[in-house]
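# Survey of secondary and tertiary structure
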Amino acid sequence: MKIGAVLFDMDGTLVDSHGAIIRSWTRIAEEYELPLDDILAVHAGRPAWSTLESVAPWLGAERIRQAGARQLEWEYDDLDDVIAIDGALELIEGVDRRGLKWAVVTSADERLARARMGAVGITPPLLISTDDISAPKPDPEGYLLAASRLGVPPEGCLVVEDAPAGVAAGRAAGMRVVGVAGITGDLTVTNLVEILELLD
């Protein structure tokens, strides 16, 4: 089926926020005496509380909620080295030029997502954040909600992801997934601009 919409993950796909993410998780690991390597092995594509549930379930629901909130608070204002991924702005311009619908589906909350995208000059016509859903990636809820709001059937959507949880979410939604940043999807590219060739 012809692609009618492109659904982008944010962190690691359109926005390079690696430094801010590492800094915030390092502080959480130190404060709660958690193994940073374990956190970094699973955090990609997931909200903070989901990562902590996976790595440190013994903290309990309330401490996990508190730690996740602290991690977000540190990230809201840590934008100094947040930049657009190479090719991201060109890709978005190309998607617009082709008249395709697009959205960002992120595991960040809306405040963080808008802060980071604002820092790099990206304004999505539709943003689906963790504020909009009940189940995070790898659950397909976010991608299915984006497709519904854009009025495009799931099979007409192309997902662009850099994390295994996001790839799983896109596939579970019945969408084709392009893997970037070394992640294998149904299709895999080495540069975001290559996706324009797929759309053609």
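Because the structure is a prediction, the values reported are computed rather than measured. (Residues numbered from 1 in each chain as written. Predicted model: local features only at pLDDT ≥ 70, side-chain atom pairs only at ≥ 80, totals over all residues. Heavy atoms only, no water.)

### What about the nonpolar core?
- Membership of the largest hydrophobic core comes to 31 residues, with the highest contact counts inside it found for Val6, Phe8, Ile195 and Leu199.
- Sorting the residues of this core by element identifies β1 (5–8), α5 (88–97), β4 (101–105), α6 (110–120), β6 (157–161) and α9 (194–199) as the ones contributing at least two each.
- Excluding residues within four positions of it along the chain, Ile195 makes contact with Leu91, Leu158, Val160, Val178, Val180 and Val189.
- Membership of the second largest hydrophobic core comes to 20 residues, among which are Ala146, Val152, Ala173 and Ile183. (Core = buried A, V, L, I, M, F, W, Y, C linked by side-chain atoms within 4.5 Å. Buried < 20%, exposed > 50% of the residue type's maximum accessible area, 1.4 Å probe, protein only. Helix = DSSP H or I, 4+ residues; strand = E, 2+ residues; numbered from the N terminus. Contact = heavy atoms within 4.5 Å.)

### Observations regarding the packing of helix α1 (residues 18–32) against helix α4 (residues 60–76)
- Interaxial distance between α1 and α4 falls to 9 Å at its minimum, and their mutual angle equals 145°. Crossing geometry of α1 relative to α4 is assigned as right-handed. Taking contact as the criterion, the partners of Ala20, Ile21, Ser24, Trp25, Arg27, Ile28, Glu31 and Tyr32 in α1 are, on α4, Arg63, Gln66, Ala67, Arg70, Gln71, Trp74 and Glu75.
- A per-class count over the contact of α1 with α4 returns 7 nonpolar, 3 polar and 5 charged. (Axes fitted to C-alpha atoms, helices over the stretch in contact; angles between N-to-C directions. Left-handed = near helix turned anticlockwise from the far one by under 90°. Nonpolar A, V, L, I, M, F, W, Y, C, P; charged D, E, K, R; others polar.)

### Some words on the pairing of β1
- Side chains of β1 alternate between two faces, with Ala5 and Leu7 and Val6 and Phe8 buried alike.
- Alignment of β1 against β4, held across 4 bridges, turns out to be parallel. Across the sheet, Leu7 pairs through a bridge with Ala103, a residue of β4.
- Here β1 pairs with β6 via 4 bridges, running parallel. (Pairing = 2+ DSSP bridges.)

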